[in-house]
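# A look at the structure
Here are the chains, one letter per residue:
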Amino acid sequence: MKVGFISLGCSKNLVDSEKMMGMIRQGGHELVSDPQEAQAIIINTCGFINPAKEEAIATIFKMAEYKKYNCKKLIVVGCLAQRYKETLEEEIPEIDAVIGISEYDHLHERLYELLGGNDLVSYGKCERLISSKPWTAYLKIAEGCSNCCTYCAIPLIRGGNVTFPIEKIVEEAKQLAVNGVKELVLIAQDTTKYGVDLYGKRSLLEVLKQIHEIEGFHWIRVLYMYPDEIDDELIEGMKQLPKVLPYFDIPMQHANNRMLKTMNRRGTKEEVLKLVSKIRETFDDPTLRTTFIIGFPTETESDFNELVQFVEDVHWDRMGAFTYSPEEDTPAFDMVQDVTEDEKERRLDILMKRQEEISLANQQKRIGTIMEVLVEAQDGLTGKYRGRGANSAPDEVDGIVIFTSMQPIELGTFVNVRITEALPHDLIGVAEC
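Below or above, wherever it landed, is the structure these notes cover.

Conventions we followed
- Residues numbered from 1 in each chain as written.
- Predicted model: local features only at pLDDT ≥ 70, side-chain atom pairs only at ≥ 80, totals over all residues.
- Heavy atoms only, no water.
- Helix = DSSP H or I, 4+ residues; strand = E, 2+ residues; numbered from the N terminus.
- Rg over C-alpha atoms; globule rule 2.2 N^0.38 Å.
- Buried < 20%, exposed > 50% of the residue type's maximum accessible area, 1.4 Å probe, protein only.
- Contact = heavy atoms within 4.5 Å.
- Areas by Shrake-Rupley, 256 points an atom, 1.4 Å probe, with all protein chains shown as cover.
- Lys, Arg positive; Asp, Glu negative; His and termini not counted.
- Charge placed at Lys NZ, Arg CZ, Asp CG, Glu CD.
- Pairing = 2+ DSSP bridges.
- Axes fitted to C-alpha atoms, helices over the stretch in contact; angles between N-to-C directions.
- Polar contact = N/O pair within 3.5 Å; in protein donor to acceptor, adjacent residues only side chain to side chain.
- Expected span 1.5 Å × (residues − 1).
- Arc of directions from axis to C-beta.
- Phe/Tyr/Trp six-rings, centres within 6.5 Å; stacked < 30°, edge-to-face > 60°.
- Left-handed = near helix turned anticlockwise from the far one by under 90°.
- Nonpolar A, V, L, I, M, F, W, Y, C, P; charged D, E, K, R; others polar.

### Regarding the overall build of the protein
Scanning the protein for helices and strands turns up 14 helices and 18 strands. Rg of the C-alpha trace for the protein: 22 Å, near the compact-globule value of 22 Å for 433 residues, within the 12% margin. Put simply, the protein has 433 residues, and 53% of those count as buried. A separation of at least 24 residues holds for 73% of the contacts in the protein among residues at least 6 apart in sequence. When the accessible area of the protein is evaluated, it comes to approximately 19,300 Å², of which 50% is carbon and sulfur surface. If the 49 positive side-chain charges of the protein are averaged to one point and the 71 negative ones to another, these points end up 2 Å apart.

### Focus: the side chain of Asn391
By the secondary structure assignment, Asn391 is in the loop between β15 (385–389) and β16 (401–404). On the basis of relative accessibility, which here comes to 8%, the residue Asn391 falls in the buried class. Excluding its chain neighbours within four sequence positions, the residues that come into contact with Asn391 are Arg221, Tyr247, Thr287, Arg318, Gln363, Arg366, Met371 and Asp398.

### A look at the sheet that holds strand β10 (residues 219–222)
The strand order β6-β9-β10 describes an open sheet built from three strands, whose pairing is parallel. Edge positions in the sheet fall to β6 (136–140) and β10, since each of these pairs with one other strand and no more. Adjacent strand axes in the sheet meet at a mean angle of 20°, parallel and antiparallel pairs treated alike. Bridge count for β6 against strand β9 (residues 183–187) is five bridges, and the pairing is parallel. When the sheet's bridge partners are listed, Thr136 is paired in β9 with Glu183. In the packing of helix α1 (residues 11–26) onto the sheet, contacts are made with β6 and β9, and the angle to β6 comes to roughly 95°.

### Remarks on the sheet that holds strand β11 (residues 247–249)
Pairing within the open sheet is parallel, and its three strands lie in the order β11-β12-β13. Looking at the sheet topology across the chains shown, the edges are occupied by β11 and β13 (318–323). With direction set aside, neighbouring strand axes in the sheet form an average angle of 10°. Bridge count for strand β12 (residues 287–294) against β13 is six bridges, and the pairing is parallel. Residue pairing in the sheet places Thr291 in a bridge with Gly320 of β13. Its contacts with the sheet put helix α14 (residues 341–364) on β12 and β13, and the angle it makes with β13 is roughly 175°.

### What to know about the side chain of Asn161
Of note, Asn161 is situated in the loop between α6 (154–158) and β8 (162–163). A distance of 3.3 Å separates the side chain of Asn161 from the side chain of Asp197, its partner in a polar contact. Setting aside residues no more than four positions away along its own chain, Asn161 makes contact with Ala142, Glu143, Gly144, Cys145, Ser146, Lys193 and Asp197.

### Comments concerning helix α7 (residues 166–178)
In this model, α7 (13 residues) spans 18 Å end to end at C-alpha, consistent with the 18 Å of a helix rising 1.5 Å per residue. Along α7, the residues classified as buried are Ile166, Ile169, Val170, Ala173, Leu176 and Ala177. Summarising the axial view, the buried residues of α7 lie within an arc of 120°, below the 170-degree limit, and thus occupy one face. Summarising the geometry of α7, the exposed residues directed more than 90 degrees from the buried face are Glu167, Glu171 and Val178. Contact partners of the buried residues in α7: β6, β9, α8 (196–199) and α9 (204–212). Where α7 ends, the next residue or the one after it, Gly180, has phi of about 100°, a positive value.

### Brief notes about helix α12 (residues 269–282)
The terminal C-alpha atoms of α12, which comprises 14 residues, lie 20 Å apart, in line with the 20 Å expected from a rise of 1.5 Å per residue. All buried positions along α12 are accounted for by Lys269, Val272, Leu275, Val276, Lys278, Ile279 and Thr282. Residues of α12 that are buried make contact with α10 (232–239), β11, α11 (257–262), β12 and α13 (301–314).

### Some details on the packing of aromatic side chains
All told, the structure shown has nine aromatic pairs when counted by the stated rule. A ring pair is formed by Tyr104 and Tyr123, whose centres lie 5.0 Å apart and whose planes are at 50°; its orientation type is tilted. Placement of Tyr104 in the loop between β5 (97–99) and α5 (107–115) and of Tyr123 in the loop between α5 and β6 is noted, with a sequence separation of 19 residues between them. No difference in accessibility class separates Tyr104 from Tyr123, as the two residues are buried. Centroid distance Tyr151 to Phe296: 6.2 Å. Interplanar angle 85°. Geometry classified as edge-to-face. Residue Tyr151 is found in the loop between β7 (142–143) and α6, and its partner Phe296 is found in the loop between β12 and α13; the two are separated by 145 residues along the sequence. Looking at Phe296, the relative accessible area reads 0%, which means it is buried.

### Overview of the packing of α7 against α9
For any two helices packed against each other, the geometry comes down to the angle between their axes and how far apart the axes lie. Contact geometry of α7 with α9 gives a least axis separation of 10 Å together with a crossing angle of 35°. Handedness of the crossing formed by α7 with α9: right-handed. On α9, the residues that touch Ile166, Ile169, Val170 and Ala173 of α7 are Glu206, Val207, Gln210 and Ile211. Class assignment of the residues belonging to the contact of α7 with α9 gives a composition of six nonpolar, one polar and one charged.

Purely geometric numbers; function is a separate question.
What follows is the structure in structure tokens.
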């Protein structure tokens, strides 16, 4: 059967999608990119916040139109399917199956019933089909989250933190290296909690040490690090592993200590400032990235001003922010929603404009330096190349490097680029050939 596959949401969802596509292909089905050709369409959905849910619903209705033509089966999986299974089944009759995350142990049976063909290997037991650029891959080291932030529905959808055994992670990493992956990105809802449930202690550094020994990887990157779990041992251990990038993605969500407590975030602003100092003392050129939630219940103008000052004090290399969106069944949903949408947007605009100024100042310091760049694309019209430095993750949140070269360059290789111009997020340069 010809199967179309759509993956929505985060990189963790993308890994799930790649596992499913591997199952489907191994079962003798053909994966197609054009929905008009598809006899079945599978949508892996996100259900984290309202915009993601709206995107998922819109995609379902759009794909349902193809049932008038070639498509015989419309299948919805993932977070939205887990959270709103009965509602989807009742309100969108065009859907032939809604399969939540808790049903993935039987996914091979369900998909065999729906798609036919050969028997399918169970979920996670066959080789992933990497759908992104072949030189970069995400590696999920744990599932779920046990932090229970008051605004977050992830524990309701995916359950508590479940660590994957080190030997399984290393086995998957070795296969990715054999397949030509040069940049490996470790992900989980909270990578720094890795091992606590399985080994009784934080074991992220041990995972990094074992993966570091695998031939083929040039960069190893870690995302989603909870601030109070980044200890001196991890920082100093990463320093001893040359392939492991000093890229610290530390979602803060706020800087006011009362707000952090209201969000059920552990740690304080003062502790994070100490952490930032430790990282910058340890590494020559670390990258610090964070995210903030604007307009969380009870956030005052004073609380927000403290957040802006915190951003000023740290001078984050990368920063993202979004306005608070109430999620049903979370503790924050029942709090008094005392910040208007207009006020949320006003505060967000102030913060992002200030961060853009900070980002530009940070970027300008790189003018005249040589940066190692992973080359990812070439513009057909101008001939200019595009790539990323070690300071940019592959999730389309960070900036890129745009550069010219006198010599042709193979995509997926690393080159040195002299930076000649800086923009708030992107850099301009010339390859050192």
